[in-house]
Amino acid sequence: MNTEVREAIIESGGDDVIKCYQCGRCMAACPWNLLGGLNYATYRFCQRIKLGAIIDSEEKEAIAADTIDVFRCVGCDACKSECPRGVGLSDVLRAVRRILVDFDSYPGELKSVVARLFNSGNPLGEPAEKRADWAEGLNIPQYTEACEYLYFPCCFPAYDARAKKVAQASARILKRAGISFGIMGKDEFCCGEAVRRVGAEKVFQTAVKQNTELFKKAKVQKVIATSPHCLVTFTREYPEYYDGFKTRHAVQVFDQLIKEKKIVPKKPFGKTVVYHDPCTLGRQMDIFDEPRAILKSIPGLNLVEVPVFNREFSVCCGGGSMGLWLDWPQDERLANIRTEQILETGADILCVACPYCLHMFEETMKSMDVDIEVMDISEILEASLD
Amino acid sequence: MNEIFALVEHRQGIIRDITYELLSCGRKLAEKGNTKLTAVILGHNTDNFVQILKGQAHRLLVVDNEVYEDFNSEVYQTALTEIIKRQNPVLTLISHSAFGVDLCPALAAQLGMPFTTDCLDVELAEQKLKVTRQIYDGKLNAKVLLRENAGYMITLRSGCFPAGESSLDGVVEKIDTPVSAQPDYRKFIEYIEAAVGEVDITKSDVLVSVGRGVKEKAYLSIIEDFAETIGGVVGCSRPVVDAGWLPKDRQIGSSGKTVKPKLYIALGISGAFQHIIGMKGADTIIAVNKDPNAPIFSEADYGIVDDLFKVVPVLKTKILEMKQAKG
Amino acid sequence: MDIIVCIKRVAQTAEADVKIDSSGKDIVKDRLTFDMNESDTYALEEAILLKEKFGGTLTAVSLGTVQAEDTLRIALAKGADSAIRIKAEDFEGLDGYKTAQLLKAAIKDLKFDVVFTGCIATDDYYSQVGVTLAELLGVPHATLVTKIDIQDTKAQVHRELEGGLIEHLDMTLPALFTIQTGINEPRYASLIAIRRAAKKEIKVIGASEIEPTGIQANASLEELFTPPAGKRAEILSGSMDEISAKVAGIIKEKGLI
């Protein structure tokens, strides 16, 4: 027994280990175990930490295998919502990661992302000067005190050619509804949600400092986020450092705008659409009804659900906690399982509300050669406005 | 100003290309400094070398002994220490190669001579030596001044000093060898050819080369398939070999093969100089990389800024269409 | 077997935006991450493997500022027994030669059979320190090493040459090897080892321990500048279909289809 390792992990934020009694419900809930044969023994983590027996082997290969397991968790919190003792296993593993990251003892792919993010303010390593390029031609003002909202696009919609369309659609909808909003552009930093989950706490602190100083100075009070990952960290984690602003996800705003008749979906959207609940938006922020209300308000749209695995039982795309950057073998990909579930619905379109899900599913549809279009909810909504 | 020395690099009886670049650089410096260039040949059965290099330097200093047949930095160091002490060249040029990096620092340190390595440019005036080097993954250049001294030693990066025509009539001067046996503590045993597979990438007119961007071994089949479509073979950059995805004999670059195909398609290769060295001689270079700032675009004739996995399938279809139209 | 490994903490610039600072002689570092130099991680792994095989001691040495102690702790966590930091802040104008002299001063009284270094540092690209250090220590060396097989005091060594050729050397220990990447698979550190390493003492030596007189640099930095842009590729634009048609056209023009 090595109490020292236990204490270190608890100190780094792994307090929940004490609560676990190894019932195994987390393992049943964990999406990795929907993959046949992986046997991701999540229920053993807490006990092994209590015994100080995690990543303690003297064997090179055993340490590597253990390290990979610690970085496998995508932070979807499916386990947390099933746990009778409310153990946040993703937080426990984050604590372990913090120690490993401090010692550079983590996968090289992740190190590169952390380095790029720290260097340039986004995980893609794109120049800050180009952060507002997505908005070119849309006439969106720089945020000032006169704006009601700050629109925070997230790094992927700011830089990635595909995801840019989501930011553009969202901004156009807000404009049509007459919402007063602006953007920050080059001074904005990645929200830091994923970098924190991966254990790079210092880089997260840099992100918080940069963004909160920016928000304070510009007197930002209300933020609209396109990514539920920005939403969750702004809502649950930033207040510890600065709580002068409130954040809403785009679907919450859109839903309200429809209810207030500020936008009216009129154009029929004659497709069968399945909505995928992003873990961060659904399970973690309890936003299940708004996106469905939006889709139901669209004429001609046939909304279907994934049998069983919907709402709080949604299955992660695998993109969280920088899973987006890890290339698992073909038979170890969460998005593949989810895609198979989605195929069962017979939908024409997969509707997502998170830039990670968008990317993960687009890539998966391509690799699995599946003919389902992946659209963000903002794109579907915009298409139904005339 | 005292003479300039350039050390002739040879392997398996053949003068290596970098030698001509050293000599070209040396002639320019000698001309500017109003001095002469000496090619230093440490080798065995050197008559052939002398013939080839006679026009390239003002003087050829030849030390012929079987101990120099294969490179051994300890042997070379002992011999060159003697020679340089006696002849006092103002500057000794050595290639920045597996040969040069093994020799130069130890030799210069033994002589107490200021040295530096991997130079892209050299200025020698009024006994002061200033060089340009590349640092931080090739993203910046540094101008470096060497501590003032009567003699200097540097290694030159290949590809920075084009080998030029020269019609000097070098005076051949043979001297006795200061060394006649390899030391016990470091003996050259043999050269081992890295395993030659079924494919010789140096012989193909078309090369499709992959780098880190290929992401996984499993994806190589897509690349192999594409290469076959355009009648080429697959090569790669170092990370792909490091990962064990392709054998060593497919590696292109300073630590792999040097290739000069008619067409070189670089897929997901960022273009570290080690790789560039091995492929810059290609007639036409097409690069596909997600990063618009990837250095490979500085070397390529045509660039596509995108994911290679998006480009390859479409390109393959187009080429097939074109082939069919022709057939 | 007593082993020394020299490691360096370097800025990770491969994917970073590198900017020159106001002095014109250094880069802006506050937004760069730092890590053990790539080939040094392979040198360290090779050292650990050797120690696991033959037993003995492994000492990691680094010339650097106090942050280099983080890098030394990684070495301790992975398997080094002790660590020495040479205070970079005590010395000015550190080039490869001066670095080698300081490393020599730090290890000359230690017992060793093998010294490992990386074959190149990704910040200064010198490839000087290992070979210079070997000369100063008076031991034989081999650079760009891709395989080492030791029996008693003899080592069969493979060096990587250009053109896919390997050079096989027969060497006698003590010796110094500069390690090429890919020679092995560097390990992760275990949590317990990390905890232990965090508490281990790192021996710090500076100007007061190393008499700096007589130690001089070979080279001094005059200025940094951004390389002149080479010929840039003609970037093909348009839809994927258009781009592909253009490329196919270019290939056809060359008579290759």
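Counting of residues starts from 1 at the beginning of each chain's written sequence and follows it residue by residue. Here every chain gets a letter starting at A, and every ligand a number starting at 1, in the order they are written. A pLDDT threshold of at least 70 governs which residues receive local features in this predicted model, and a stricter bar of 80 or more applies before side-chain atom pairs are shown or counted, although totals over entire chains, interfaces and linings include all residues. Note that water and hydrogens are dropped before the side-chain values are worked out from all heavy atoms of the structure.

**Student:** I'm lost on the overall build of chain B in this one. Help?
**Tutor:** Of regular secondary structure, chain B possesses nine helices and 17 strands. Counting the 327 residues in chain B, one finds 58% classified as buried. Only heavy atoms matter for contacts: two residues are in contact if any of them lie within 4.5 Å across the pair. Sequence separation of at least 24 residues holds for 64% of the intrachain contacts in chain B that already meet a minimum separation of 6. Carbon and sulfur atoms make up 48% of the accessible area of chain B, which totals about 12600 Å². Computed over 37 positive and 42 negative side-chain charges, the separation of the two mean positions in chain B equals 4 Å. Under the DSSP-based scheme used, a helix requires at least four consecutive residues in state H or I and a strand at least two consecutive residues in state E, with every element numbered from the N terminus. Here's how the labels work: a residue is buried when its accessible area is under 20% of the maximum for its type, exposed when over 50%, partly exposed in between, all with a 1.4 Å probe on protein chains only. Only the protein chains shown count as cover for residues, and the accessible areas themselves come from Shrake-Rupley with a 1.4 Å probe. By the counting scheme adopted, Arg and Lys are positive, Glu and Asp are negative, and His together with the chain ends is not counted. Taken as the charge centre is NZ of Lys, CZ of Arg, CG of Asp or CD of Glu, depending on the residue.

**Student:** Hey, could you run me through the overall build of chain A in this one?
**Tutor:** Across its full length, chain A carries 17 helices and eight strands. Taking the principal axes of the C-alpha coordinates as reference, chain A spans close to 65 × 50 × 35 Å. By the burial criterion, 61% of the 386 residues in chain A qualify as buried. Restricting to contacts in chain A with at least 6 residues of sequence separation, those with at least 24 account for 77%. Averaging the coordinates of the 48 positive side-chain charges in chain A and doing the same for the 55 negative ones gives two points 5 Å apart.

**Student:** What should I look at first to understand helix H3 (residues 96-107) of chain C in this one?
**Tutor:** Since there are 3.6 residues in each turn of an α-helix, residues three or four apart along the chain are aligned in direction. Residues and elements named next belong to chain C. Helix length check: H3, at 12 residues, gives a terminal C-alpha distance of 16 Å against a target of 16 Å (1.5 Å per residue), a fit within 8%. The element H3 is extensively covered by neighbouring structure, given that 10 of its 12 residues are classed as buried. Looking only at H3, the buried set comprises Gly 96, Tyr 97, Lys 98, Thr 99, Ala 100, Gln 101, Leu 102, Leu 103, Ala 106 and Ile 107. A helix's residues, less one, multiplied by 1.5 Å, set its expected span.

**Student:** I'm lost on the interface of chain C and chain B in this one. Help?
**Tutor:** Size of an interface, as often reported, equals the accessible area lost when the parts are brought together. With 78 residues of chain C at the contact, the number on the chain B side is 90 residues. Reported buried area values correspond to the accessible surface (1.4 Å probe) lost by two parts on association, with both partners' losses combined. Between chain C and chain B, the buried area comes to about 7400 Å², and carbon and sulfur atoms account for 57% of it. Here Arg186(B) ties to Glu167(C) by a salt bridge, and the two come within 3.7 Å at their closest N and O atoms. Throughout this description, a polar contact denotes any pair of N or O atoms lying within 3.5 Å of each other; where both atoms belong to protein, one of them has to be capable of donating a hydrogen while the other can accept it, and for residues adjacent in sequence the pair is counted only when both atoms sit in side chains. At the junction of chain C with chain B, the criterion picks out 35 residue pairs in polar contact (both at pLDDT 80 or more). For the side of chain C that touches chain B, the elements supplying multiple residues, two or more each, are helix H4 (129-137), strand S7 (141-151), strand S8 (154-160), strand S9 (165-172), strand S12 (219-225), strand S13 (234-235) and helix H6 (240-253) of chain C. At 11 residues, H6(C) tops the list of elements feeding residues into the side of chain C that touches chain B. Salt bridge, as used here: a side-chain nitrogen of Lys or Arg that lies within 4 Å of a carboxyl oxygen of Asp or Glu.

**Student:** I keep staring at the domain arrangement of chain B and nothing clicks. Help me out?
**Tutor:** Domain start and end points were adopted from an automatic or database domain assignment. What the domain assignment lists for chain B is domain 1 (4-174) and domain 2 (201-326). For domain 1 of chain B and domain 2 of chain B, the distance between their C-alpha centres works out to 34 Å.

**Student:** Help me understand the sheet that holds strand S4 (residues 57-64) of chain C in this model?
**Tutor:** Across a sheet, strands are paired by hydrogen bonds formed along the backbone, either parallel or antiparallel in direction. Taken in spatial order, the 10 strands line up as S12(B)-S9(C)-S8(C)-S7(C)-S10(C)-S6(C)-S1(C)-S4(C)-S5(C)-S11(C) in an open sheet, and their pairing is mixed. Every other strand in the sheet has two partners, leaving strand S12 (186-193) of chain B together with strand S11 (203-205) of chain C as the edge strands with one partner each. Across the sheet, the mean angle from the axis of one strand to that of its neighbour is 30°, orientation sign disregarded. Of the strand pairs in this sheet, S12(B) and S9(C) are connected by seven bridges, and their pairing is antiparallel. Strands pair, by our definition, only if DSSP identifies at least two bridges between them. Axis definition: a line fit to C-alpha positions, over the contact stretch in the case of helices; interaxial angles, taken between N-to-C directions, run 0 to 180 degrees.

**Student:** Honestly, unusual backbone geometry in this entry has me stumped. Any pointers?
**Tutor:** Trans peptide bonds make up the majority, and among non-glycine residues the majority have a negative phi. For the peptide bond that leads from Leu173(C) to Pro174(C), omega is 0°, which places it in the cis range. Positive phi outside glycine occurs at Met322(A), with the angle close to 70°. Tracing the sequence through the fold places Met322(A) in the loop between strand S6 (302-304) and helix H15 (334-344). Assessed through its relative accessible area of 3%, Met322(A) is described here as buried. A positive phi angle, near 50°, is found at Gln12(B), a position not held by glycine. Along the polypeptide, Gln12(B) turns up in the loop between strand S2 (10-11) and strand S3 (14-15).

**Student:** Which parts of the structure should I look at to understand the packing of helix H2 (residues 68-78) of chain C against helix H5 (residues 191-199) of chain C?
**Tutor:** If you want to describe how two helices pack, look at the angle between their axes and the distance between the axes. Residue and element names in this part refer to chain C. Running from N to C, H2 and H5 cross one another at 130°; their axes reach a closest spacing of 8 Å. Between H2 and H5, the crossing angle belongs to the class labelled oblique. Once H2 is placed against H5, the crossing between them reads as right-handed. Listed contacts from H5 to Arg 73, Leu 76 and Ala 77 of H2 are Ala 193, Ile 194, Ala 197, Ala 198 and Lys 199. Asp, Glu, Lys and Arg are counted as charged, while Ala, Val, Leu, Ile, Met, Phe, Trp, Tyr, Cys and Pro are counted as nonpolar; the rest, among them Gly, fall into the polar class. A per-class count over the contact of H2 with H5 returns six nonpolar, no polar and two charged. Just so you know how the angles are binned, under 35 degrees is roughly parallel, over 145 roughly antiparallel, 65 to 115 roughly perpendicular, and the rest oblique. Two helices that cross are described as forming a left-handed crossing if the nearer one is turned anticlockwise from the farther one by less than a right angle, and a right-handed crossing if clockwise.

**Student:** Got a minute to help me understand the nonpolar core in this structure?
**Tutor:** Burial of nonpolar side chains together is a common tendency in soluble globular proteins. Take the buried residues of types Ala, Val, Leu, Ile, Met, Phe, Trp, Tyr and Cys, join any two whose side-chain atoms come within 4.5 Å, and each joined set is a nonpolar core. By size, the foremost hydrophobic cluster in this structure holds 148 residues, and its most contacted members are Phe215(A), Phe116(C) and Phe177(C). Examining the composition of this core, we find that eight residues originate from one element, helix H6 (residues 89-102) of chain A, more than from any other. With sequence-adjacent residues up to four places away left out, Phe215(A) is seen in contact with Leu150(A), Phe152(A), Met184(A), Val220(A), Val223(A), Phe234(A), Tyr242(A) and Phe245(A). Counting residues in each nonpolar core, the second largest holds 45 residues, with Cys25(B), Leu29(B), Leu129(B) and Leu32(C) among its members.

**Student:** How should the pairing of strand S3 (residues 222-225) of chain A be read in this particular structure?
**Tutor:** Each regular strand carries side chains that alternate between the two faces of the sheet. Residues and elements named next belong to chain A. Here strand S1 (residues 149-152) pairs with S3 via three bridges, running parallel. Bridge assignment links Phe 152 to a residue of S3, and that residue is Ala 225. Pairing between S3 and strand S4 (residues 246-249): four bridges, direction parallel. Counted as the bridge partner of Ala 225 is His 249 from S4. By definition, the crossover connecting two strands over a helix is right-handed if that path, from the first strand to the second, turns clockwise as seen with the strands pointing away from the viewer. Once the chain exits S3 it traverses helix H12 (residues 228-236) before rejoining the sheet at S4, and the crossover so formed is right-handed.

**Student:** Teacher, can you tell me more about the domain arrangement of chain A here?
**Tutor:** Residues and elements named next belong to chain A. Under the domain assignment, chain A is made up of domain 1 (3-103), domain 2 (109-256) and domain 3 (263-383). The centre of domain 1, based on its C-alpha atoms, is set 28 Å off from the matching centre of domain 3. Across the boundary between the two partners, domain 1 contributes 17 residues, which contact 18 residues of domain 3. For the pairing of domain 1 and domain 3, the buried interface totals around 1300 Å² over both sides, and the portion due to carbon and sulfur atoms is 68%.

**Student:** Sorry, what's going on with the interface of chain B and chain A here?
**Tutor:** Counting residues at the interface gives four residues for chain B and five residues for chain A. The contact between chain B and chain A buries some 400 Å² in all, and 37% of this surface belongs to carbon and sulfur atoms. We note a salt bridge from Arg333(A) to Glu216(B), for which the minimum N-O separation is 2.8 Å. One can count two residue pairs in polar contact (both at pLDDT 80 or more) joining chain B with chain A. Residues that form the side of chain B that touches chain A fall into these classes: one nonpolar, no polar and three charged.

**Student:** Can you walk me through the pattern of salt bridges in this structure?
**Tutor:** Between side chains of opposite charge, pairing is possible as soon as their charged atoms come close. For the structure on display, the rule yields 63 salt bridges over all chains. One salt bridge in this structure joins Glu4(A) and Lys199(C), with 2.9 Å as the shortest N-O distance. Of this pair, Glu4(A) sits in helix H1 (residues 3-11) while Lys199(C) sits in helix H5, on two different chains. Judged by relative accessible area, which is 26%, Glu4(A) ranks as partly exposed. Note that Arg186(B) is salt-bridged to Asp102(B), the shortest N-O span being 2.7 Å. Taken together, the positions of Arg186(B) in strand S12 and Asp102(B) in helix H4 (residues 98-111) put the pair 84 residues apart, joining distant regions of the chain. The exposure class of Arg186(B) is buried, given its relative accessible area of 0%.

**Student:** Just to check I follow, could you spell out the sheet that holds strand S13 (residues 206-210) of chain B for this structure?
**Tutor:** Strand order in the open sheet formed by six strands is S14(B)-S13(B)-S15(B)-S16(B)-S17(B)-S13(C), with parallel pairing between adjacent strands. With one partner strand each, in any of the chains shown, strand S14 (233-236) of chain B together with S13 of chain C form the two edges of the open sheet. With four bridges connecting them, strand S16 (residues 284-289) of chain B and strand S17 (residues 302-305) of chain B associate as parallel partners. Along S17(B), the bridge assignment pairs Ile286(B) with Tyr302(B). Against the sheet, helix H5 (residues 220-229) of chain B touches S13, S14 and strand S15 (263-267) of chain B, its axis set at about 165° to S13(B). Where H6(C) meets the sheet, it contacts S15, S16 and S17 of chain B, and its direction lies at approximately 160° from that of S16(B).

**Student:** Whenever I open this one, the packing of helix H3 (residues 43-50) of chain A against H6(A) confuses me. Can you help?
**Tutor:** Residues and elements named next belong to chain A. The N-to-C vectors of H3 and H6 enclose an angle of 45°; their axes lie 10 Å apart at closest approach. Between H3 and H6, the angle falls in the class oblique. In terms of crossing hand, the pair formed by H3 and H6 is left-handed. Contacts between H3 and H6 involve Phe 45, Cys 46 and Ile 49 on the former and, on the latter, Leu 89, Val 92, Leu 93 and Val 96.

**Student:** Hey, could you run me through the environment of Val179(B) in this one?
**Tutor:** Residue and element names in this part refer to chain B. Assignment of secondary structure puts Val 179 in the loop between strand S11 (171-174) and S12. In this structure Val 179 comes out as buried when scored by relative accessible area, which is 11%. Considered as a pair, Val 179 and Gln 77 are 102 residues apart in the sequence and their alpha carbons are 9.8 Å apart. Residues within four places of Val 179 in sequence aside, it is in contact with Asn 65, Val 67, Tyr 68, Val 75, Thr 78 and Ala 79.

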